[in-house]
Amino acid sequence: MSHARPEPTLRRRGLPSTPDALPAELHPVLRRVYRARGITAPEELELSLGRLPPADEVKGMDAAVGLLTAALEQDRRILVVADFDADGATSCAVLVRGLRAMGAGAVDYLVPNRFEFGYGLSPEIVRVAAERGPDLLVTVDNGISSVSGVALARELGMQVLVTDHHLPGEVLPGADAIINPNQPGCPFPAKDLAGVGVVFYLLGALRARLRADGWFARRGLEEPNVAALLDLVALGTVADVVPLGPVNRILVEQGLRRIRAGECCPGVLALFEAAGREPRFAVASDLGFGIGPRLNAAGRLTEMSLGIDCLLSESAADARRMAAELDQLNRERRDIEREMQRQALEILRGLPSDEGRQLPHGVVLFDEGWHQGVIGILASRIKDRLHRPVIAFAPVDETTLKGSARSVAGLHIRDALDAVAARHPGLVEKFGGHAMAAGLSLARPDLERFRRAFDEEVRRHLRAEDLAGVVLSDGELDPSDLDLEFAELLRNSGPWGSGFAEPLFDGSFQVIDKRIVGERHLKLVLDPGGARGHVEAIHFNSDALRSLRAGDRVNAAYRLDVNRYRGRRTLQLMIEWLRVLH
């Protein structure tokens, strides 16, 4: 039985009732956009490093800095244990680069292979780490749930510093120090920091301590500029899709400014080149859709050392070679993902439906041949298509399945898994994550029981009308605003991203011409009316490929984009939602 794809509802964003104090010279549409995102004061538009909250507000920072200071002074061996995604890779590169710049003589890294060791500081990866003889283990972008791994590391004589941003469980690991803005009792206001943001704060606090102790003067070292690492901080923050709250917007904007100025590491420049994007025009979407996927490809298909080595390289030639390898891995990842999506849609067509031909509220998918490293992307793609929480599972071995979950507004996916585990003891082997993304493990025989339990839990939080999806528009534009100058203004008024959405507008157009490109995409010429003239637009993966005709009128929700091709810049509308008017 087939299931209808839900039709999203177009809705316009509301504006606060209170007046704003934004600059009078601000473009009126941009003022409207900012107000709809809660920006009402001019200082909120000031994205300087001086507006960052101080590092001493992070719980555990003093103890963490003390561990690293002692390690540097006593020339101890430091081993960084990273996660295998882009946030983990950038966190690792930032910490290794920063510690080396501060005089650490023996700092190295270890990143688990997801297919052999799984996520985090597991006991198995601790035993591998112990073979290198480190005195201090530092986790980046993981560790807050690694209770047994931390315990084993300390039994083996290692000190442990946990740096993480994931939500903690009921029991914290017994590390020598923990910094995580989401740990209980931490007053730091930016709970949405990525792992790389936590590491950036740690290095800033460490530099301040070393400066106060006279470390740099005693060692004859030039005091490093921690801000020089912000290209990597921006990349990891955007790639991890954490909300762009005030602190993250500052970190990302400052990193983008360095990238645009060419003041970034050879690895980042090489990844821009491999992605066919120009660093001097960089915006957050370049990091999220161009650079991040290529970096992530290593951790998804093989292991992340290649990506980390690329970010640590000081040689432009070596960085280009590694970026080319990452680009090839990303091409392979896309091929695997495309086939998995096809299989997932076949599975969906075979799912039983209730009255109204509706899918379960919470969708659980599994195929014996699915790739562990790609199920997260698959879950995200199906979630976007169906607008409901999705968990995709792949086999680990003959007894265990690994799942990757993605959620929609209204359901905190990590809390939902926690609730399922509490209601059904022993069902979920382990889990962890965020509000919108999580990972888990199951015993194979428990898949169907989990499928039912997950759907029941989702139904406690989401009604049928919550599953249709909403396209939030910033309203109509006057046809005179459909020009290149305004598109450039919007592009450079971010950074835009998760939690601070890029402006989306809606309006009515007449279709002047259409053609199909790449099998599933609509290339359009539209007339917005007035004296503006025609505009070009593209609608990716369009459902209106066959039904749309020249002369039709359509309602569309769209973003303004600057298309750069062979030195020319032209305006292009990126259509997100399209409805043919009959």
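Scroll up a little and you will see the structure.
The residue count restarts for each chain, going from 1 along the sequence in the order it is written. Reporting in this predicted model follows two pLDDT cut-offs: at least 70 for local features of residues, and 80 or more for side-chain atom pairs to be given and counted; totals over whole chains, interfaces and linings ignore these cut-offs and use all residues. Excluding hydrogens and water, the side-chain values take into account all heavy atoms of the structure.

1. Re the overall build of the protein
Part 1 of the argument: Of the regular secondary structure elements, the protein holds 17 helices and 17 strands.
Part 2 of the argument: Taken over the C-alpha trace, the protein has a radius of gyration of 25 Å; the compact-globule value for 582 residues is 25 Å, and the two agree within 12%.
Part 3 of the argument: Over its C-alpha atoms, taken along the principal directions, the protein stretches across nearly 75 × 60 × 50 Å.
Part 4 of the argument: Expressed as a percentage of its 582 residues, the buried residues of the protein come to 54%.
Part 5 of the argument: Here, two residues are considered to be in contact whenever any of their heavy atoms come within 4.5 Å of each other. Put simply, of all contacts in the protein between residues at least 6 apart along the chain, 68% involve residues at least 24 apart. The numbering of helices and of strands both runs from the N terminus, where a helix is a DSSP run of H or I of at least 4 residues and a strand a run of E of at least 2. The globule rule is 2.2 Å times the number of residues to the power 0.38, and the radius of gyration it is compared with is taken over C-alpha atoms. Note on exposure labels: buried denotes an accessible area under 20% of the residue type's maximum, exposed denotes more than 50%, and partly exposed covers the range between, all computed with a 1.4 Å probe on protein chains only.

2. Details of the packing of aromatic side chains
Part 1 of the argument: For Phe, Tyr and Trp, where Trp contributes only its six-membered ring, two rings pair if their centres lie within 6.5 Å, and the inter-plane angle classes them as stacked under 30 degrees, edge-to-face over 60, or tilted in between. The full count for this structure, using the stated rule, is seven aromatic pairs.
Part 2 of the argument: Ring geometry for F393 and F450: centres 5.8 Å apart, planes at 85°, overall edge-to-face. Taken together, the residues F393 in strand β8 (residues 390-395) and F450 in helix α16 (residues 447-461) connect sequence positions 57 residues apart. The burial state of F393 is the same as that of F450; both residues are buried.

3. Observations concerning the environment of R219
Part 1 of the argument: Mapping R219 onto the fold places it in helix α7 (residues 215-219).
Part 2 of the argument: For R219, a relative accessible area of 45% corresponds to the partly exposed category.
Part 3 of the argument: C-alpha separation for the pair R219 and L581, spaced 362 residues apart in sequence, amounts to 72 Å.
Part 4 of the argument: Look past the residues within four positions of R219 in its chain and what remains in contact with it is L72 and E73.

4. Looking at helix α4 (residues 123-130)
Part 1 of the argument: Along α4, the residues classified as buried are I125, V126 and A129. Along α4, the residues classed as buried sweep out an arc of 105° about the axis, all on the same side.
Part 2 of the argument: In the core, the buried residues of α4 are packed alongside β2 (78-82), β3 (107-110), β4 (136-140) and α5 (147-155). It is the directions from the helix axis to the C-beta atoms whose arc is reported.

5. A short note on the pairing of strand β12 (residues 470-473)
Part 1 of the argument: Side-chain alternation along β12 places V471 and S473 on a buried face and V470 and L472 on a face that remains uncovered.
Part 2 of the argument: Each pair of strands is called paired provided DSSP finds at least two bridges between the two strands. With four bridges joining them, strand β1 (residues 9-12) and β12 adopt parallel strand pairing. By the bridge assignment for β12, L10 is matched with V471.

6. Re unusual backbone geometry
Part 1 of the argument: Cis geometry marks the peptide bond from G494 to P495, where omega comes out at 10°.
Part 2 of the argument: Mapped onto the elements, P495 comes out in the loop between α17 (484-491) and β13 (505-517).
Part 3 of the argument: Not every positive phi belongs to a glycine, and V241 is a case in point at roughly 55°.
Part 4 of the argument: Turning to its location among the elements, V241 is positioned in the loop between α8 (230-239) and α9 (246-260).
Part 5 of the argument: You will see that H387, though not glycine, has its phi angle at about 50°, which is positive.
Part 6 of the argument: With respect to the helices and strands, H387 occurs in the loop between α14 (375-386) and β8.

7. Structural notes on the side chain of Q254
Part 1 of the argument: Structurally, Q254 is set in helix α9.
Part 2 of the argument: Q254 gets classed as buried once you look at its relative accessible area, which sits at 14%.
Part 3 of the argument: Identification of polar contacts relies on pairs of N or O atoms within 3.5 Å, with a donor-acceptor requirement for protein atoms, meaning one able to donate a hydrogen and the other able to accept it, and with residues adjacent in sequence counted only if both atoms are side-chain atoms. Polar side-chain contacts of Q254 include one of 2.7 Å to the backbone oxygen of L47.
Part 4 of the argument: What Q254 contacts, discounting residues up to four positions off in sequence, is L47, S48, L49 and L230.

8. Notes on helix α10 (residues 266-275)
Part 1 of the argument: Counting buried residues along α10, seven of its 10 residues qualify, which places the element largely inside the surrounding structure.
Part 2 of the argument: For α10, the full list of buried residues reads P266, G267, V268, A270, L271, F272 and A275.
Part 3 of the argument: Against α3 (86-101), α8, α9, α11 (284-301), α12 (305-312) and α13 (316-350) lie the buried residues of α10.
Part 4 of the argument: Of the residues flanking the end of α10, it is G276, one or two places downstream, whose phi is positive at about 70°.

Function-wise, these values are silent; they only describe arrangement.
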